[in-house]
Amino acid sequence: MPALAWAQEAPPPQDTAPTEIDEVVVTGIRASLRDSIAVKRGSPLVIEAISSEDIGQLPNVTIAEELVRLPGINGTRDRGNQSQAAIRGLGPRLVLGLVNDREVASSEPDRNVRWEIYPSEVVSGVEVYKSQSADLVAGGVAGTINIRTVRPLDYSGAAVAASAGLVYYESGEDLPDYDPLGYRASASFTDRLSDTFGVNLGISRQEQRNGFASFQGWGFNDQDTGGQPGDVDGDGDLDATPWGAQTEVKRLAEDRTGLNGAFQWRPNADFELNFDALYSQIDISEDQNQAWYGRNGAIGNWAGGSGWAYNDPGASYTIIDNTVVAATLPFVSVTNVIARYVEDKTLFVTGLNGRWTTGDWTVLGDLSYSKAERDNTWQAVFTEVYPNWLSFDMRSGVAPSVYTSSNPADPNIQALPGWVPGQTDGGRLEDELMAARFDARRWLGDTGVTEVSFGARVSDRAKGYRRTQWFQAPIAGALPANLLSSFSVDDFTAPPLLNGDFDALAQAAYGGFTEPAGSEVMGSRWDVEEQVAEAYVKADFASRWGDTPVSGNVGVRIVATETTSTGFESVNGGPLTPVSIDNDYVEVLPSLNLTFEVGENRLLRLGAARTIARPPLDELRAGRTLWNTAPPPTGSAGNPLLEPFRATQFDLSYEWYFAPEALFAAAVYYKDVDSHIGYSTQPVTIGGVTYNVTGPFNGDGGGISGAEFTFQTPFSFIPGLQDFGIYTNFAFVNSDVKEFYPANDPLEGTGLAERTATIDLWYSNGRFESRLGYKYHSPFTIIAGWDGSALRTLESEGILDFSASYQVTDQVGLRFQAGNLTDEPVRVHYDNSPDRLARYDHYGRRFSFDITLRF
């Protein structure tokens, strides 16, 4: 078991702070911060923690919104809510996600965990391990996030708790045929049915109505498709031109249902049995209104270098750093898209855990199973019109805009050209993971080597993906005007968007969508099976170095991994042939952790470890497409022979618990990443032919160094401010880890935000408490969507949140929350250039109010 899990079975460490801490009764925010400090102080590792009271004090649509407030952790917003997490300058692919110390299946193609799938109502705590020990499950080069659910016999709160409330997303308030008001509701029963048996049952339900507007760039043409440089302004230098752009409105309905259960049986102090299960289902339906600008290639495509659109007498343009960022051009197509996207995700996580102590021995066993599934379908109705001219502006520092000479959303001009058929794209992803582990420890004494532990873990994981696609020709020449309308948004300047009932329009345009036989795209099919066997041995020790008490552990973990990847190969567009490729590797991961009590309530921690993160599962796919009819032979493929991310890391942390509920911590660290994974083009010999294959490859890593500072305290030492307090942290990261794209100016490693800061000011007095929190991060590289090669830069963000609660009686509580009060949009760019716009999403503010009942 992880070091913290072992520690939780023993009595909590005695606080050596002054005795008045026992006289202070704290609840709510103060209790949350106090409990988090206790977890941090009692762990032998460098960790951060969130208590069950922390989750719920700030806007908590997702657990990720609490995670990103911890030192050195950043997140990305998806559909307006925080989702995935990056730790210490490394992205989500290098973060290991656990639930009750168990690796879990994921509905993402790789291994990433989208934390919003876990209902926050069932979580009792979260630990973020930043340093490593031999008994911690391997897989987190960046760090490990472990979610803990309620254990009934350890719970001391109300037996029955229920809450219900409304959630309002401001960005959807002016969208047609849309109500931005959603709700949250949950109920749980947790009780000791006897002195030895406890049970927990819960249900949660949530509906989010977070519609929003988005402006998206399609990337930039840095090379003339005709083989000649595209010199727009005639100065002899290549001028990149945008491939096109689109505006979009998404009217979302996201429903989440969570069910959880647990029992705990502890007949005596020497034996304990725990069972837990969690089921979560998320159903997403999006009505999408889009306008595509430049589908006919007039904006970005050069015809033999002539650049006819830019050479037109009426054309004008603005060039910054040899990139066209704004222009007025003739005869650019506008494709109106009315679409529906549906995504259904389910997750089932369960496990049985037992602990038995006899004499100086303690033995633990754990069996776990998890399964995740995701089905998604996108269907679209297209029309196409051609205004006489179009203008766009995608420069940095201004809201994007586009203008046309006529209204492209006029219901009376919506042609259905045969070369733009209706389209359906879909996919099904399945991930199944079974694991078993055994751990044993022997207590040896209070000094010297105090404990020896060892254990083993085996897991079997299977992940696969199936894609479907088909097209349907129009059955009419135009859409009936009586089925159409249009609307505008004020999030940016753009022509109106075409609107209409999707089902009625699909019937009028194509006779409805009917899936034909053979709709699966077999070339996109992939399956990966992974078997992992791990074993470790660890020794804990305690002694004195002179007058300084010192404790710690030293150990080694050995990880053996075998994978089998299957898919299909296509050569020169010919028939598909099955491909199956095996791979295996063994990693030896030593670790050392030391804790020095350098003074009263002062700890100095040192850690050193070898760490790995196994390759993303989708990038291990065996499928490939090859072409050798003309030199040089080329291809695109996955890479079943990928080696893991590897790093050697060192941690140094100073913690000063200078007053009750107070902490100052400073940590520095260094990670030597010697194996990285990214997309590039490299020579690969297949069947005796050497192809220039584009896909994921191992490459050089680099060094990552950083520093983190945390300060939190109530203002009990300031007269008149005893009920106020502060929690703040700042992190700085420096790295020479680079992605492999673009080849001439590689992006920073995914997840690397040089500066991160959080400031929370809180007030707690009796039944009322509130908190105002600000979160900032500098720009960092992200992977946009599900494609690991889609690298972008998320620009800096500063987000202000507020929460307030009032406990009317011991049984009734009220809470109000407001998120993103600064109305911060999401802005993303390409190629290290802020002037190359990728996305501009305006999520707006979020407000919620709920009532909680406890009995």
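Given the structure is predicted, the values throughout are model-derived calculations rather than measurements.

Peer 1: Hey, could you run me through the overall build of the chain in this one?
Peer 2: Of the regular secondary structure elements, the chain holds five helices and 45 strands. Computed over the C-alpha atoms, the radius of gyration of the chain is 28 Å, within 12% of the 29 Å expected from 2.2 N^0.38 for a compact globule of 855 residues. Taken along the three principal axes of its C-alpha coordinates, the chain extends 85 × 70 × 55 Å. Burial status across the chain gives 57% buried among its 855 residues.

Peer 1: So what exactly am I meant to see when it comes to the sheet that holds strand 1 (residues 47-51) here?
Peer 2: Hydrogen bonds between backbone atoms are what pair the strands of a sheet, whose relative direction is either parallel or antiparallel. Within the open sheet, the five strands sit side by side as 1-6-7-4-5. Their pairing is mixed. Since the sheet does not close on itself, it has two edges, and those belong to strand 1 and strand 5 (102-103), each with one partner. Sheet topology places strand 4 (residues 95-99) next to strand 5; two bridges connect them, and they run antiparallel. From the neighbouring strand, Val99 faces strand 5, where its bridge partner is Arg102.

Peer 1: How should the packing of aromatic side chains be read in this particular structure?
Peer 2: For any pair of aromatic rings, the description consists of the separation of the ring centres together with the inter-plane angle of the planes. Evaluated as defined, the whole model comprises 23 aromatic pairs. Aromatic side chains Trp545 and Phe596 sit 5.2 Å apart centroid to centroid with 70° between the ring planes, which places their arrangement in the edge-to-face category. Of this pair, Trp545 sits in strand 26 (residues 526-545) while Phe596 sits in strand 28 (residues 577-599); the two residues are 51 residues apart in sequence, bridging distant segments of the chain. For Phe596, a relative accessible area of 11% translates into the label buried. Clustering of aromatic rings is evident, with ring pairs tying together Trp218, Trp292, Trp378 and Phe382. Against the face of Tyr657 rests Arg41, its NZ or CZ located 4.7 Å from the ring centre. Positioned over the ring face of Trp786 is Arg374, at 3.6 Å from the centre of the ring.

Peer 1: Any chance you could explain the side chain of Arg251 here in plain terms?
Peer 2: Among the secondary structure elements, Arg251 is positioned in strand 14 (residues 245-268). For the buried Arg251, no salt bridge is present, and the opposite-charge side chain at shortest range is Asp177, 4.1 Å distant. Within the structure, the side chain of Arg251 is placed 2.8 Å from the backbone oxygen of Pro176, a separation counted as a polar contact. A polar contact of 2.9 Å, which involves the side chain of Arg251, links it to the side chain of Asn499. Apart from the residues lying within four places of it in its own chain, the contact partners of Arg251 are Leu175, Pro176, Asp177, Tyr178, Gly211, Ser285, Glu286, Asp287, Asn289 and Asn499.

Peer 1: Please clarify how the confidence of the model for the chain should be interpreted in this entry.
Peer 2: Detailed reading of predicted coordinates is not advised where the pLDDT is low. Residues with a pLDDT of 70 or more make up 94% of the chain, whose mean pLDDT is 90. Predicted confidence is poor over residues 54-59, with pLDDT under 50, and the contacts of this stretch with residues over four places away or in other chains come to 38 contacts. Here residues 225-229 is a poorly scored stretch, pLDDT under 50, and it has 10 contacts once near neighbours within four places are set aside; other chains count.

Peer 1: I'm lost on the pairing of strand 1 in this one. Help?
Peer 2: Consecutive side chains along a regular strand alternate between the two faces of the sheet. Burial runs high along strand 1: five of the five residues are buried. Side-chain alternation along strand 1 places Ile47, Ala49 and Ser51 on one buried face and Glu48 and Ile50 on a second face that is also buried. Strand direction decides the pairing type here: strand 1 and strand 6 (residues 123-129), joined by five bridges, are antiparallel. Bridge pairing links Ile47 to Tyr129 in strand 6.

Peer 1: In this structure, what is going on with the side chain of Arg624? I would like to understand it.
Peer 2: The topology assignment puts Arg624 in strand 30 (residues 624-627). Given the relative accessible area of 18%, Arg624 is considered buried. The contact partners of Arg624, leaving out residues within four places of it in the chain, are Phe568, Glu569, Ser570, Val579, Ile581, Ser636, Ala637 and Ile686.

Peer 1: Where do I start with the pattern of salt bridges in this structure?
Peer 2: Any two side chains of opposite charge can pair, given that their charged atoms come close. Tallied over the entire structure, the rule returns 66 salt bridges. When the shortest N-O distance is used, the salt bridge between Asp154 and Arg266 registers 3.0 Å. Separated by 112 residues along the polypeptide, Asp154 in the loop between strand 7 (143-149) and strand 8 (160-169) and Arg266 in strand 14 bring together distant segments of the chain. The partly exposed category is assigned to Asp154, whose relative accessible area is 49%. Look at Arg266 and you get partly exposed, because its relative accessible area is 25%. A salt bridge links Glu430 to Arg428, with the shortest nitrogen-to-oxygen separation between them at 2.9 Å. Accessibility expressed as a relative area gives 29% for Arg428, which makes it partly exposed. Look at the salt bridges and you will find they share partners, linking Glu103, Arg111, Asp431, Arg457, Arg461, Lys463, Glu530, Glu534, Arg557 and Arg614 into a network.

Peer 1: Just checking my understanding: could you explain the pairing of strand 44 (residues 837-842) for this structure?
Peer 2: Counting buried residues along strand 44, five of its six residues qualify, which places the element largely inside the surrounding structure. Sheet analysis places strand 11 (residues 212-217) next to strand 44, joined by four bridges and oriented antiparallel. Directly across from Phe215, in strand 44, lies its bridge partner Tyr840. Bridge count for strand 43 (residues 826-829) against strand 44 is four bridges, and the pairing is antiparallel. When the bridges of strand 44 are listed, His829 appears paired with Leu837.

Peer 1: Explain the sheet that holds strand 20 (residues 389-393) here, please?
Peer 2: Read across the sheet, four strands follow the order 16-17-20-21 without closing on themselves; strand pairing throughout is antiparallel. Every interior strand has two partners, whereas the edge strands, strand 16 (316-320) and strand 21 (401-404), have only one. Here the strands of the sheet are splayed against their neighbours by 10° on average, with no regard to which way each runs. With five bridges connecting them, strand 17 (residues 323-330) and strand 20 associate as antiparallel partners. Opposite Pro330, over in strand 20, you have Trp389 as the bridge partner.

Peer 1: Before we go on, may I ask you to explain the nonpolar core in this structure?
Peer 2: Side chains that are nonpolar tend, in soluble globular proteins, to be buried together. Counting residues in each nonpolar core, the largest one holds 53 residues, and the members touching the most others are Leu67, Trp115, Tyr118, Val126, Ile145 and Ile147. Residues contacting Trp115, with those up to four places away along its chain left out, are Ile63, Ala64, Leu67, Ser83, Gln84, Ala85, Gly97, Ile145 and Ile147. Counting residues in each nonpolar core, the second largest holds 43 residues, with Ile299, Ala309, Phe487 and Phe492 among its members.

Rules used in this analysis
Residues numbered from 1 in each chain as written. Predicted model: local features only at pLDDT ≥ 70, side-chain atom pairs only at ≥ 80, totals over all residues. Heavy atoms only, no water. Helix = DSSP H or I, 4+ residues; strand = E, 2+ residues; numbered from the N terminus. Rg over C-alpha atoms; globule rule 2.2 N^0.38 Å. Buried < 20%, exposed > 50% of the residue type's maximum accessible area, 1.4 Å probe, protein only. Pairing = 2+ DSSP bridges. Phe/Tyr/Trp six-rings, centres within 6.5 Å; stacked < 30°, edge-to-face > 60°. Lys NZ or Arg CZ within 6 Å of the ring centre and 35° of its normal. Lys, Arg positive; Asp, Glu negative; His and termini not counted. Salt bridge = Lys/Arg side-chain N within 4 Å of Asp/Glu carboxyl O. Polar contact = N/O pair within 3.5 Å; in protein donor to acceptor, adjacent residues only side chain to side chain. Contact = heavy atoms within 4.5 Å. pLDDT = per-residue confidence, 0-100. Axes fitted to C-alpha atoms, helices over the stretch in contact; angles between N-to-C directions. Core = buried A, V, L, I, M, F, W, Y, C linked by side-chain atoms within 4.5 Å.

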